[in-house]
Amino acid sequence: MGFELSVENAVPYLVDRGVLTPADGRDAVAEFLGGGVSNIVIKVDVDGAGDRGLVLKQSLPQLRVEDDWFADRKRIHRERAGIDYLGGNNYPAGQHEDAGGSRGMWSVPRVVDEDRENFVFVMTAAPRDGANWKEQLLGGQIDVAVAERVGSMLGEIHGSSMVVGADVPDGLAEFEDLAYFVQLRIDPYHRATALAHPELADVLESEAARMLPGVEDRRALVHGDFSPKNIIVSGQGNAAEVFLLDFEVVHLGNPVFDLAFMLNHMTLKAIHRPEWAERYCRAARGFWNAYLSSVGGQAGDEETLERDTGRQLGALLLARIDGKSPAEYITLDEEKRYARETARALLMGKVVSLADLHDRLTDVSVRGRGSTGSP
């Protein structure tokens, strides 16, 4: 892979790039953050940097999963472009990170350096007082106001970037290429799952096709990994601030994908922790309603949007059980069985609304019933 970031070389690398002075480098401390399955991510804390450190991110050519999964390392440059696009727009409610480190109701990192040769960029870190939203949700800290803030943020992103037709603004044109989205989402999610469930291959391929819209379709800037793990929360209730991360799958596509992706994570957690299912469902409804309020008429017909989101949610739910990136906390056979049944019900139109889905997730009698023809 050539040069590979590590905890040992991160600080000297920043000094060599001129991001840190030699004096700052002597006091800087590097910490490995992981990077999920697709990247190396290292945080560097610098003495006197206030509430901000630096984060270095390098894309991997082969993702760290059980099955072979390769992706073009140039996706790191797309991620940097996505951050720049969002950080450079003035949104009506969200105040974004700027050179002075200002914070608002929602924000994104600021890129401070890019090394195209080694597929690395450096950005500002999340607030030090922030907590990962996934960890909060799994721990039972299910704040509906935070979910509403996240829904409003997504509505602002989609609404401000919505286009119909071939006339794409210059700032969005570079996101029209869907190759990274196919490599990181369509192939390992929809198509890998279709191989595991050949009886559902046609409907899964149909859902994949809907996420690859043509120029005649409604399109928006889609994050592509709009998940609680990529949201850092500071504060709580109506005072909560959220910080959005991980833009490597950003593209101009079907906004339904982001909606279904987030609702899928709420659904998985309700399956995993049925004693909190009602609370996860309330958060999901808060997210959905806030999104609709934020995006306004740009969403199109709400009933159609909800139906389309439900079908895509079914595809993603099944993918997190039987695709290339299974949810790590869904381990019990009963959880997997129930997730598969729920996914099938969504895909086949037996569950057509969020209300139907939430009734199912909170109905103990449905949850406890044995398999009824599920795969």
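Just above sits the structure.
Below is a short write-up of the structure. (Residues numbered from 1 in each chain as written. Predicted model: local features only at pLDDT ≥ 70, side-chain atom pairs only at ≥ 80, totals over all residues. Heavy atoms only, no water.)

A few points about the packing of helix α7 (residues 179-196) against helix α8 (residues 201-210)
As a packed pair, α7 and α8 sit with axes 8 Å apart at the nearest point and diverge in direction by 165°. In this view, α7 runs roughly antiparallel relative to α8, as classed from their interaxial angle. As α7 runs across α8, the sense of the crossing is left-handed. For the pair α7 and α8, contact is made by Ile186, His190, Arg191, Thr193 and Ala194 and by Ala201, Leu204, Glu205, Glu207 and Ala208, respectively. (Axes fitted to C-alpha atoms, helices over the stretch in contact; angles between N-to-C directions. Helix = DSSP H or I, 4+ residues; strand = E, 2+ residues; numbered from the N terminus. Parallel < 35°, antiparallel > 145°, perpendicular 65-115°, else oblique. Left-handed = near helix turned anticlockwise from the far one by under 90°. Contact = heavy atoms within 4.5 Å.)

Focus on the side chain of Asn230
Relative to the helices and strands, Asn230 is located in the loop between β9 (218-222) and β10 (231-234). Not counting residues up to four positions away in its chain, the partners in contact with Asn230 are His223, Asp225, Phe243, Leu244, Leu245 and Asp246.

Thoughts on empty space enclosed by the protein
Here the structure, examined in full by the defined rule, presents four cavities of 30 Å³ or more. In this structure, the largest cavity spans a volume of roughly 50 Å³. What lines the largest cavity is Glu306, Thr309, Gly310, Leu313, Leu346, Ser353, Leu354 and Leu357. Broken down by secondary-structure element, the contributors of at least two residues to the lining of the largest cavity are α11 (302-322) and α13 (354-362). Broken down by element, the lining of the largest cavity gets its largest block of residues, four residues, from α11. (1 Å grid on protein atoms, 1.4 Å probe; cavity = no way out; pocket = protein on both sides within 12 Å on 5 of 7 lines; lining within 4 Å. Points joined across faces, edges and corners; volume = space filled by probe spheres on them.)

Some words on the sheet that holds strand β8 (residues 163-164)
Reading across the sheet, the three strands line up as β8-β9-β12 and stay open at both edges, with antiparallel pairing between neighbours. Of all the strands in the sheet, the pair left with one neighbour each is β8 and β12 (251-253). Where β8 meets β9, two bridges bridge the pair, whose relative direction is antiparallel. If you follow Val163 over to β9, its bridge partner there is Arg219. (Pairing = 2+ DSSP bridges.)

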